[in-house]
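Coordinate analysis (summary)
Letter by letter, the chains look like this.
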Amino acid sequence: DTGVSQDPRHKITKRGQNVTFRCDPISEHNRLYWYRQTLGQGPEFLTYFQNEAQLEKSRLLSDRFSAERPKGSFSTLEIQRTEQGDSAMYLCASSLKASGKYEQFFGPGTRLTVL
Amino acid sequence: AQKVTQAQTEISVVEKEDVTLDCVYETRDTTYYLFWYKQPPSGELVFLIRRNSFDEQNEISGRYSWNFQKSTSSFNFTITASQVVDSAVYFCALSASRDDKIIFGKGTRLHILP
């Protein structure tokens, strides 16, 4: 499978715990994006990387959230001191920034439930 | 500010009927991209189409067609002869040329009844 993969697919945690999600983009894709989708809503942009550089962070990304892409390949999204409002589907996407291409390929998502 | 509005929250049609999903967008950019994505019950977003702001030609792909009108800032999506497998949530989305993040609408849930 050469698509975007995310791990885990589901995570249930108790309020106050820390969680970390991983995203593996399509090989050679230099851009990687994180989105959050709550029930009944469209995905909302959180942050994105070009290679290892984090180029933009949404105001939705509070200081409890941190994302990394240390080697320009996979990325991790960590949420510290989770709150019930963090319950959502976290989507990762990747794209190849070249010649004006903007097609983002999405992974299956990690569904987070905070009890 | 960029915004995408999908006024239809939920639509139900009987199989083989045609259905149009509406999308209205707002942007101050002169160059931008519009998208439609499908999210079936499995949850994964499936890319359907991308149009740039300079190409107003309508596009047809099988039973799917898209009508882009800059004058009304609309990018509507029509499914002809709908099938049960078309049941999903459909998102219209917008991306600026200098900023690749995608702004999604809230989606339209489409039910195709057998």
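Each remark here, short or long, concerns the structure printed above.
The rules behind these values
- Residues numbered from 1 in each chain as written.
- Chains lettered and ligands numbered in written order.
- Predicted model: local features only at pLDDT ≥ 70, side-chain atom pairs only at ≥ 80, totals over all residues.
- Heavy atoms only, no water.
- Pairing = 2+ DSSP bridges.
- Helix = DSSP H or I, 4+ residues; strand = E, 2+ residues; numbered from the N terminus.
- Axes fitted to C-alpha atoms, helices over the stretch in contact; angles between N-to-C directions.
- Core = buried A, V, L, I, M, F, W, Y, C linked by side-chain atoms within 4.5 Å.
- Buried < 20%, exposed > 50% of the residue type's maximum accessible area, 1.4 Å probe, protein only.
- Contact = heavy atoms within 4.5 Å.
- Buried area = accessible area lost by both parts, 1.4 Å probe.
- Salt bridge = Lys/Arg side-chain N within 4 Å of Asp/Glu carboxyl O.
- Polar contact = N/O pair within 3.5 Å; in protein donor to acceptor, adjacent residues only side chain to side chain.
- Nonpolar A, V, L, I, M, F, W, Y, C, P; charged D, E, K, R; others polar.

1. Some points on the sheet that holds strand 1 (residues 5-7) of chain A
Residue and element names in this part refer to chain A. Strand order in the open sheet formed by 4 strands is 1-3-8-7, and the pairing between neighbours is antiparallel. The sheet terminates laterally at strand 1 and strand 7 (65-68), the two strands that pair on one side only. The mean inter-strand angle of the sheet, taken between neighbouring strand axes irrespective of direction, is 15 degrees. Bridge count for strand 3 (residues 19-24) against strand 8 (residues 75-79) is 5 bridges, and the pairing is antiparallel. Across the sheet, F21 pairs through a bridge with L77, a residue of strand 8.

2. Some points on the nonpolar core
Counting 23 residues, the largest nonpolar core has W36(B), F75(B), F77(B) and Y90(B) as the members making the most contacts within it. Looking at this core, the elements with two or more residues in it are strand 2 (10-14), strand 3 (19-21), strand 5 (32-39), strand 8 (64-69), strand 9 (74-79), strand 10 (88-96) and strand 12 (108-113) of chain B. At 4 residues, the largest contribution of residues to this core is made by strand 10 of chain B. Once residues lying within four places of it in the same chain are set aside, the contact partners of F77(B) are V19(B), T20(B), L21(B), W36(B), L48(B), Y64(B), S65(B), W66(B) and Y90(B). The next biggest cluster of nonpolar side chains, apart from the first, holds 19 residues, and it includes L32(A), F49(A), F65(A) and I79(A).

3. A short note on the interface of chain B and chain A
The interface of chain B with chain A comprises 19 residues on the first partner and 20 residues on the second. At the boundary of chain B with chain A, total buried surface from both sides reaches about 1700 Å², with 51% on carbon and sulfur atoms. Summed over the three residues of chain B that lose the most area to chain A, namely L45(B), D100(B) and K101(B), the buried surface amounts to 30% of that side. Run the count over chain B and chain A and you get 2 salt bridges. Where chain B packs against chain A, one counts 4 residue pairs in polar contact (both at pLDDT 80 or more). Looking at the side of chain B that touches chain A, the elements that each hand over two or more residues are strand 5, strand 6 (46-52), strand 10 and strand 11 (99-104) of chain B. Ranked by the residues each element gives to the side of chain B that touches chain A, the list is headed by strand 11 of chain B, at 5 residues. Here the residues of the side of chain B that touches chain A sort into 9 nonpolar, 4 polar and 6 charged.

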